[in-house]
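What the coordinates show
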Amino acid sequence: VAYGLALARAVEAALGVEAPPRASHLRALMAEMERIANHLGDFGAVCNDASFALIQAHCAVLREKVLRAAHTAFDHRLMRDRIVPGGVTTDIAADGIAAIRSLIADIKALFPALVELYDNTASLQDRTVTTGTVQPDLARQYASGGYVGRASGRNFDVRRNLAYAPYDKLAFEVPVLEAGDVNARIWIRIREIEQSLSLIAQLLDRMPQGALQIDLPTATAPCEGMA
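Below is a summary of the structure that appears in this document. Nothing here was measured: the structure is a model prediction, and the numbers come from that model.

Another aspect to go through is the nonpolar core. Leu29, Met33, Phe43, Phe74, Ile100, Ile107 and Phe111 are the most contacted members of the largest nonpolar core, which totals 56 residues. Elements that contribute at least two residues to this core include exactly α1 (2-15), α2 (21-49), α3 (53-74), α4 (96-119) and α9 (182-205). For this core, the leading source of residues is α2, giving twelve residues. Once you skip the residues sitting within four places of it in the chain, Ile107 turns out to touch Ile36, Leu62, Val66, Pro112, Ile193 and Leu197.

Looking now at empty space enclosed by the protein. Throughout the structure, instances matching the rule amount to one cavity of 30 Å³ or more. The calculated volume of the largest cavity comes to roughly 30 Å³. Taken together, Arg35, Arg159, Phe172, Glu173, Pro175, Glu192, Gln195 and Ser196 make up the lining of the largest cavity. Top element by residues in the lining of the largest cavity is α9. It accounts for three residues. Here the lining of the largest cavity is composed, by residue class, of two nonpolar, two polar and four charged.

It is worth spelling out the pattern of salt bridges at this point. Where charged atoms from two side chains of opposite charge come close, those side chains can pair. In the structure shown here, the tally under the stated rule is 14 salt bridges. A salt bridge links Arg68 to Glu64; its shortest N-O distance comes to 2.8 Å. Taken together, the residues Arg68 and Glu64, both in helix α3 and four residues apart, mark about one turn of the helix. The salt bridge involving Glu194 is made with Arg191; its shortest N-O contact spans 2.8 Å. Within this pair, Glu194 and its partner Arg191 are both found in helix α9, separated by three residues, close to a single helical turn.

The next subject is unusual backbone geometry. Going from Ala165 to Pro166, the amide bond is cis rather than trans, its omega being 0 degrees. The backbone of Ser51 sits at a positive phi, close to 65 degrees, despite the residue not being glycine. For Ala143, which is not glycine, the phi torsion reads 50 degrees and is therefore positive. Within the element layout of this structure, Ala143 appears in the loop between α6 (136-141) and α7 (146-151).

Definitions and cut-offs
- Residues numbered from 1 in each chain as written.
- Predicted model: local features only at pLDDT ≥ 70, side-chain atom pairs only at ≥ 80, totals over all residues.
- Heavy atoms only, no water.
- Core = buried A, V, L, I, M, F, W, Y, C linked by side-chain atoms within 4.5 Å.
- Buried < 20%, exposed > 50% of the residue type's maximum accessible area, 1.4 Å probe, protein only.
- Helix = DSSP H or I, 4+ residues; strand = E, 2+ residues; numbered from the N terminus.
- Contact = heavy atoms within 4.5 Å.
- 1 Å grid on protein atoms, 1.4 Å probe; cavity = no way out; pocket = protein on both sides within 12 Å on 5 of 7 lines; lining within 4 Å.
- Points joined across faces, edges and corners; volume = space filled by probe spheres on them.
- Nonpolar A, V, L, I, M, F, W, Y, C, P; charged D, E, K, R; others polar.
- Salt bridge = Lys/Arg side-chain N within 4 Å of Asp/Glu carboxyl O.

See the structure below:
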């Protein structure tokens, strides 16, 4: 989803057009669902790498719930080929909103216990705290993005710093930590899951009606776009 969104927005920027509002909201909805699925997978995988498989098992169950909700909503577990230049190829299914709202409720009910388990397992903390540290000056030097940069003090998120629709109208926080170790990167993932749950709820509540795609104009001269 993330790569498809970047490519679509680059093409649209080159052609000087914008996707319809409903398409922009659906794109963001897919992106936040993908973000949750990836963070759950990574949280569990890191814990498993530190010889604590229990959290991975529970994260895998939650990640599967995300993929099933995505399939119900967009007819594809990974939502591939749903974002294209000019908009999206499919609307959210009639029962998709209910499936996603149920998913939000499930994660909110089950995820806090996993966070508490991680935070209160000393043998697991021994393997993540002060391990694999990326110093803040190095993160700034190489402009590290995503949770890696934010775990090392780089307060940057393209959804906020280079805001684009619909994120320019949504309320969310960008979690930032300074420690730069594996533990900090886990906590950034945890906090981003929480923020994504809030963003999904806002997107569902504010979903506009309207077209899913626009017809792209034919370029009559060389053009460039970045996203």
